[in-house]
Amino acid sequence: MPQLIEELRAFIIENFLFGDESAPFAFTNEDSFQERGIVDSTGILELVCHLQEKYAIDIADDELIPDNLDSLARVAQFIERKRAGCGTVSNGH
Amino acid sequence: MCGIAGIVTADGNAIDRGHLASMIAMLQHRGPDDRGMHVDQGAGLAHARLSVVDLAGGRQPMSSPDGSASITFNGEIFNHHELREELVKTGHRFRTASDTEVILHLYQDHGAAAVDKLNGQWAFAIWNHRTRTLLLSRDGVGIRPLFYAVVDRRLLFASEIKALFCDPRVSRELDPCGLDNVFTFWTTLPPRTAFAAVRALPPGHSLSWHDGTTKTWQHRRPAATSAEPPIVGPQTPAALRAVLDDAIQIRMRADVPVGAYLSGGLDSSVVVALMKRHRTRLRTFSIVFDDAEFDESAHQRSVARALDTEHVELRCGAADINRVFPEVVWHAETPLLRTAPAPMFLLSRLTRDSGYKVVLTGEGADEMLGGYDIFKEAKIRRFSARFPASPRRASLVRRLYPYLPNLRRQPASYLQAFFHTTAEDLASPWFSHLPRWRLTSRLKLFFSSDMRAAVADYDGFAELAGTLPREYGDWHPFVQAQYLETAHLLPGYLLSSQGDRVAMAHGVECRHPFLDPHVMAFAAALPPALKMRVLNEKYLLKQAAVDLLPTSISRRAKQPYRAPEGQAFVTAAPSEEYVNDLLSNTQLKRDGIFRPEPVASLLRKFRQGKGLSVRDDMALVGILSTQLLVDRFINHFHTVTHATAH
């Protein structure tokens, strides 16, 4: 898990913060991407494409919700669950 | 429409004519038809003329018959016929048919209060030879630009900043707080400009300079509310049409042909339809984009056919934008976050090449009559805050931006999250603009550590708060949002970077009927529900346009004018060398405004072409335009010859 989080952190920093992880842009594993303005509303599609390609997972439309994707920790847990073939949090369930 | 410049000294020192001539030579593009100077002890006025009214008699600078005052004037006074009649009745005798002389006579009777009588778009300077006082004034909306700088007890003024830099004592250093403004609000907050030594006279303000002392005051504020009872009832659409028709008729007064810009949207189409009622032949000018995402040519042609105009099209692609962008920044004199001024720059060239110096536009309708998406967005965000569990929230957001395919693809829960509204947000005086300004502020992550340090103690929002009218807090939220657009983005970007500056780059004067003071007062008296009915924008204007335009236009949902953005600089072929040079690691380090590493990451992202967002577009355009500004105004600034000035 720590390695997964670091990979995801590197992706977020490179693609949404353009390499800047210093204050005031530093963020914790639990910080909300939306509330901190790290990933804007169009950026979420980019994150989803990356996750599908890099981790060879399929993400259904109803899984595209903040509970799965709105922080490093949530994304990492989401990927782990997908890889393990477990059910994930989805919209309306 | 013209270019003006001048110098006054507190000590009455002689004015260097060559210096003044250099200043006005820098504004040659604004007034290619004639040039003139008037030099007195301690004061010099200069003028570059675009002849539009009284072609033979309107030369400037112009002095009053008794020699007590001289004027250099950029603009048009649309009610000058009526004012002239009144002045003649009270004994004034005129030597010319120009509006310039009308201002001079009014000044003799009313002094600085003369501007209260003007319906027009102006920036002028009057030198009073008796009191040795300079008066600068600018129209209420900020259609015409006017800048000044004070160095060594001398005040220099000009239509454009580049003329002020003819005096090497005026520093060309950028103002970090001005950049902070642009990378938040899309415009500087006047009197601040992108340059530390240069002030903008804010819209609706006048300035007097006497003996080295400057006094500035507001003579007119954009009408936000009205004490007059609104005209509400079946007659309202006709009443709007009548006041707009008057505004159009007085804007068609000129001694040269008058054409129109036609975007294909409601606003410019209404203007063209009403113009056509007063002219058998009318020339319209439009931009046609290669990229279907931005193109509105089908709508433009539909209007042109229905109204039988002589229609002229400019075809524009990403490579064109890339090619002319350096010239656009040279004229805009500020960082830009959008490329949209570039096609307008090309359109004005086509207009001028077609033999036209004057066009009417639909600018201002969105501000006055409730057309902008930001107004809708604010309504939806307020709705979301009141009914956080409503399942309608996401579908409402999807209705907002039908022309943004990326946004429509987004999952509902994310759209809702995007419009997440806190109690603190709801209490903000600029609630409507928070998402835009927050998103734009994120671009500052590209600022260098020096830039960040320079603005660390600067609070642009506090500066903005200081500009708001006292009664602002009592206004309806819709009116507050309208005011923010009208007082800031309209003059600071739309009428300047995307308006005057790129039109005057080729000597084309834009006139805006929706910004007529009577139209603005009419709009201010309307209840918000007549501007935006639920989410139906410009509701009243659509009613007023019903029998003027094809239904496909009068009922058409708003599509904002947009152009290809960041990709234009990365994938356009042939790639322009300046982009790579100015965004290179070496140049970015040398200029010290942006950090090279994140800019390199941004460029990589564009080259991959995946997942590009609005923020990425704004970042690339903003960084490149700032680098162009540094390149043209600081690293390689050149004055032009003044040999042809007289």
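Scoring rules and cut-offs
By convention here, each chain's residues receive numbers from 1 onward along its written sequence. The naming scheme follows written order: chains are lettered A onward, ligands numbered 1 onward. Two thresholds apply to this predicted model, a pLDDT of at least 70 for residue-level local features and 80 or more for giving and counting side-chain atom pairs, whereas whole-chain, interface and lining totals are computed over all residues. Under the scheme used here, helices are H or I runs from DSSP no shorter than 4 residues and strands are E runs no shorter than 2 residues, and both carry numbers assigned from the N terminus. Burial is judged by counting the other C-beta atoms within 10 Å of a residue's own C-beta: 20 or more makes it buried, 12 or fewer makes it exposed, and any count in between marks it as partly exposed, with every C-beta position built from the backbone. By the criterion used throughout, residues are in contact when their C-beta atoms, derived from the backbone, lie within 7 Å. Throughout this description, the term nonpolar core refers to a group of buried Ala, Val, Leu, Ile, Met, Phe, Trp, Tyr and Cys residues whose C-beta atoms join them within 7 Å. Boundary definitions for the domains trace back to an automatic or database domain assignment. When DSSP locates at least two bridges between a pair of strands, those strands are taken to pair. Helix axes are fitted to C-alpha atoms over the stretch in contact, other axes to C-alpha atoms as well, and angles between N-to-C directions run from 0 to 180 degrees. We call Asp, Glu, Lys and Arg charged. Ala, Val, Leu, Ile, Met, Phe, Trp, Tyr, Cys and Pro are nonpolar, and the rest, Gly among them, are polar. Working note: the arc is built from the helix axis to C-beta atom directions. Any angle from 65 to 115 degrees is called roughly perpendicular, while one under 35 is roughly parallel, one over 145 is roughly antiparallel, and all others are oblique. Note on scores: pLDDT gives the predictor's confidence for each residue, bounded by 0 and 100.

Colleague: Got a sec to walk through the overall build of chain B? Specific residues and values, please.
Modeller: The secondary structure content of chain B amounts to 30 helices and 17 strands. If you line up chain B on its principal axes, its C-alpha atoms span 75 × 65 × 45 Å. Per-residue burial for chain B yields a buried fraction of 54% across its 646 residues. A fraction of 72% describes how many contacts in chain B between residues 6 or more apart in sequence connect residues 24 or more apart.

Colleague: So, the overall build of chain A: which residues are in play, and what are the values?
Modeller: For chain A, the count of helices and strands is four helices and zero strands. Going from N to C terminus, chain A has its helices and strands arranged as α-α-α-α. In chain A, which comprises 93 residues, the proportion classed as buried is 37%. Nonlocal contacts in chain A, meaning residues at least 24 apart in sequence, comprise 58% of its contacts between residues at least 6 apart.

Colleague: Go over the nonpolar core with me, naming the residues and quoting the values.
Modeller: All names here are of chain B. With 209 residues, the main nonpolar core has A5, I103, A125, F157 and A158 as its most contacted residues. No other element matches helix α30 (residues 614-635), which puts 11 residues into this core. Among the domains, domain 1 (2-218) and domain 2 (254-372 + 431-470 + 480-646) are the pair contributing at least three residues each to this core. Excluding residues within four positions of it along the chain, A158 makes contact with I4, A5, M23, L27, F147, A163 and L164.

Colleague: Give a description of the sheet that holds strand β17 (residues 509-511) of chain B that names residues and reports values.
Modeller: All names here are of chain B. Taken together, the five strands give an open sheet; going across it, the order is β15-β14-β13-β16-β17, and neighbouring strands pair in parallel fashion. Taken across any chain shown, the strands that pair with only one partner, and hence form the sheet edges, are β15 (310-316) and β17. Within the sheet, the average angular offset between the axes of one strand and its neighbour, ignoring direction, is 30 degrees. One ladder, built from seven bridges, connects strand β14 (residues 283-289) with β15; its direction is parallel. Opposite F285, over in β15, you have V312 as the bridge partner.

Colleague: Before we move on, could you go through the sheet that holds strand β10 (residues 199-200) of chain B and cite the residues and values that matter?
Modeller: Residues and elements named next belong to chain B. Taken together, the six strands give an open sheet; going across it, the order is β2-β3-β1-β9-β8-β10, and neighbouring strands pair in antiparallel fashion. Only two strands of the sheet have a single partner each, and these edge strands are β2 (34-40) and β10. Bridge analysis of strand β8 (residues 147-151) against β10 gives two bridges, and the strand direction is antiparallel. Bridge pairing in β10 links Y148 to R199.

Colleague: I'd love a proper account of the domain arrangement of chain B, names of residues and values included.
Modeller: Residue and element names in this part refer to chain B. If you check the domain split of chain B, you get domain 1 (2-218) and domain 2 (254-372 + 431-470 + 480-646). Distance between the C-alpha centres of domain 1 and domain 2: 25 Å. On the domain 2 side, the residues contacting the 46 residues of domain 1 number 54 residues. Going through the elements one at a time, α1 (17-25), β2, α4 (161-164) and α5 (176-185) are the ones with two or more residues in the side of domain 1 that touches domain 2. Broken down by element, the side of domain 1 that touches domain 2 gets its largest block of residues, nine residues, from α5. Its residues assigned to classes, the side of domain 1 that touches domain 2 comprises 26 nonpolar, 11 polar and nine charged.

Colleague: Quick rundown of helix α8 (residues 297-307) of chain B? Include the residues and the values.
Modeller: All names here are of chain B. What α8 keeps buried is the set H299, Q300, V303, A304 and L307. Angularly, the buried residues of α8 cover 135 degrees about the axis, an arc narrow enough to put them on a single face. Seen from the open side of α8, the exposed residues pointing more than 90 degrees away from its buried face are A298 and R305. Residues of α8 that are buried make contact with α7 (266-276), β14, β15 and α25 (551-554).

Colleague: Which residues make up unusual backbone geometry, and what values go with them?
Modeller: Residues and elements named next belong to chain B. For the peptide bond that leads from Q60 to P61, omega is -5 degrees, which places it in the cis range. With respect to the helices and strands, the residue P61 is situated in the loop between β3 (43-49) and β4 (62-63). A cis amide bond, omega 15 degrees, links P190 with the succeeding residue P191. Within the element layout of this structure, P191 appears in the loop between α5 and β10. Positive phi, close to 55 degrees, is recorded for R132, a residue that is not glycine. Checked against the element boundaries, R132 lands in the loop between β6 (120-128) and β7 (133-138). Judged by the 17 C-beta atoms lying within 10 Å of it, R132 falls in the partly exposed class. The phi dihedral of E333 is positive, around 60 degrees, even though this residue is not glycine. Assignment of secondary structure puts E333 in the loop between α9 (318-332) and α10 (341-353).

Colleague: Go over the packing of α9(B) against helix α21 (residues 496-504) of chain B, please, and point to the residues and values.
Modeller: Between two packed helices, what matters for the description is the angle formed by their axes and the separation of those axes. Residue and element names in this part refer to chain B. For the pair α9 and α21, the least separation of the axes is 9 Å and the interaxial angle reads 95 degrees. Relative to α21, the element α9 is oriented roughly perpendicular. Residues V328, H331 and A332 of α9 form the contact with α21, whose own contacting residues are S497, R501 and V502. When the residues that make up the contact of α9 with α21 are grouped by side-chain class, the tally is three nonpolar, two polar and one charged.

Colleague: Please set out the confidence of the model for chain B residue by residue, giving values where relevant.
Modeller: Confidence in the prediction of chain B, expressed as mean pLDDT, is 91, and 93% of residues score 70 or more. For this predicted complex, the interface confidence reaches an ipTM of 0.70, while the overall pTM sits at 0.91.

Colleague: Give a description of the packing of α9(B) against α10(B) that names residues and reports values.
Modeller: Residues and elements named next belong to chain B. Two elements in contact, α9 and α10, have axes whose closest approach is 8 Å; the angle formed by their N-to-C orientations is 90 degrees. Put simply, α9 runs roughly perpendicular to α10. For the pair α9 and α10, the contacting residues are D320, I321, V324, F325, E327, V328 and A332 in the first and P341, A342, P343, F345 and L346 in the second. Split by residue class, the contact of α9 with α10 holds 10 nonpolar, no polar and two charged.

Colleague: Could you give an account of the pairing of strand β5 (residues 69-77) of chain B, naming the residues involved and the relevant values?
Modeller: All names here are of chain B. In terms of residue burial, β5 counts as a mostly covered element, since nine of its nine residues are buried. Sheet topology note: the β4/β5 ladder contains two bridges and is antiparallel. Note that in β5 the partner of M62 across the bridge is I71. Joining the antiparallel neighbours β4 and β5 is a turn of five residues, in which G67 adopts a positive phi near 75 degrees. As paired elements, β5 and β6 share nine bridges and run antiparallel to each other. Each residue of the ladder has a partner; that of N74, found in β6, is A123.

Colleague: Residue-level account of the environment of B:L515, with values.
Modeller: Residues and elements named next belong to chain B. By the secondary structure assignment, L515 is in the loop between β17 and α22 (517-525). For the pair L515 and G362, spaced 153 residues apart in sequence, the C-alpha to C-alpha distance is 9.2 Å. Sequence-distant contacts of L515, defined by excluding residues within four places in its chain, comprise V141, I143, E363, G364 and M520.

Colleague: An account of the environment of B:G31 is requested, with residue identities and associated values reported.
Modeller: Residues and elements named next belong to chain B. Of note, G31 is situated in the loop between α1 and β2. For G31, a count of 24 C-beta atoms within 10 Å translates into the label buried. With residues up to four places along the chain from it excluded, the contact list for G31 reads C2, G3, H47, A48, R49 and L50.

Colleague: Can you lay out the confidence of the model for chain A for me, pointing to particular residues and giving the numbers?
Modeller: Per-residue confidence for chain A averages 83 on the pLDDT scale, and 88% of its residues sit at or above 70. Within chain A, helix α4 (residues 72-83) of chain A carries the highest mean pLDDT (93), whereas helix α2 (residues 43-55) of chain A carries the lowest (85).

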